[in-house]
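# Remarks on the overall topology
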Amino acid sequence: MAEIHLDHVARATTDVQRLARFYEEVFGFQRMDVPNFGFEVVWLSTVPPSITLHIIQKNPNSNLPESPHSAGPDVKKDLELLPRSHHISLGVPDYDGFVKSLKEKGIPIYEKTQQEGKIKQVFFCDPDGNGLEVGNWARRQ
């Protein structure tokens, strides 16, 4: 089988600009040129380009939940459950500085460590309730 790589992650939302701003402000993503699809879309990329995120206007005819937070009133919205739930995981070179910036922005977080403190992880949600994880692991080659 040919080498497989991740091309992009897509997030559907009812507020494309709000969600795009979150990823720009929290992770430093940069906007990319986007073709006209006939609905609102923002493409974001890390610098240098290694991760691409597509923020897509939710199809109004879809009955899929927009996010875990819109799945229903009985959904438990507990950040401590994110390690074993759907989430996107990203690595950063300055973990402690990144966590400090989340706290300064007032974003609720759940932190944990593994391997006797060698691995640090922080879990939180974007404004639509999508799970995010950031860790101190080294960049994969």
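Refer to the structure presented above.
Here is a short report on the structure shown in this document. The model shown is predicted, which means the values in this text are computed figures rather than measured ones.

Residues of helix α2 (residues 95–104) that are buried include every one of Y95, F98, V99, S101 and L102, and no others. Seen end-on, α2 carries its buried residues on one side only, within an arc spanning 160°. Exposed residues lying more than 90 degrees from the buried face of α2 are K100, K103 and E104. Packed against the buried residues of α2 are α1 (16–27), β6 (110–114), β7 (119–125) and β8 (131–135). Remark: G106 follows α2 within two positions and exhibits a positive phi of approximately 75°.

Right, let's get into the pairing of β8. β8 sits mainly inside the fold: 5 of its 5 residues count as buried. The side-chain alternation of β8 yields two buried faces, one formed by G131, E133 and G135 and the other by L132 and V134. As paired elements, β7 and β8 share 5 bridges and run antiparallel to each other. Residue F124 lies in a different strand from β8, and its bridge partner there is L132.

This brings us to unusual backbone geometry. Cis geometry is found at the peptide bond from V47 to P48, where omega equals -5°. For P48, the location among the structural elements is in the loop between β3 (41–45) and β4 (52–57). At Q115, a position not held by glycine, the phi torsion is positive, near 50°. Topologically, Q115 is positioned in the loop between β6 and β7.

Right, let's get into a nonpolar patch on the surface. A grouping of V34, F37 and F39 is seen on the molecular surface, where their side chains present a nonpolar patch of about 250 Å² in accessible area. Relative to the assigned elements, F37 resides in the loop between β2 (30–32) and β3. For F37, a relative accessible area of 43% corresponds to the partly exposed category.

Turning to the nonpolar core, a few remarks are in order. In terms of nonpolar packing, the biggest core is built from 24 residues, with Y23, F27, I55 and F124 touching the most fellow members. At the level of secondary structure, the elements contributing two or more residues to this core comprise α1, β3, β4, β5 (88–91), α2, β7 and β8. Element by element, the count of residues in this core is highest for α1, at 7 residues. Residues lining this core come from more than one domain, with at least three contributed by each of domain 1 (1–59) and domain 2 (67–140). Residues within four places of I55 in sequence aside, it is in contact with R11, T13, V16, L19, A20, Y23, E40, V41, V42 and L44.

Reading the values: rules and limits
- Residues numbered from 1 in each chain as written.
- Predicted model: local features only at pLDDT ≥ 70, side-chain atom pairs only at ≥ 80, totals over all residues.
- Heavy atoms only, no water.
- Buried < 20%, exposed > 50% of the residue type's maximum accessible area, 1.4 Å probe, protein only.
- Helix = DSSP H or I, 4+ residues; strand = E, 2+ residues; numbered from the N terminus.
- Arc of directions from axis to C-beta.
- Contact = heavy atoms within 4.5 Å.
- Pairing = 2+ DSSP bridges.
- Patch = residues over 30% accessible without salt bridge, like charges linked within 9 Å, V, L, I, M, F, W, Y side chains within 5 Å.
- Areas by Shrake-Rupley, 256 points an atom, 1.4 Å probe, with all protein chains shown as cover.
- Salt bridge = Lys/Arg side-chain N within 4 Å of Asp/Glu carboxyl O.
- Core = buried A, V, L, I, M, F, W, Y, C linked by side-chain atoms within 4.5 Å.
- Domains from an automatic or database assignment.

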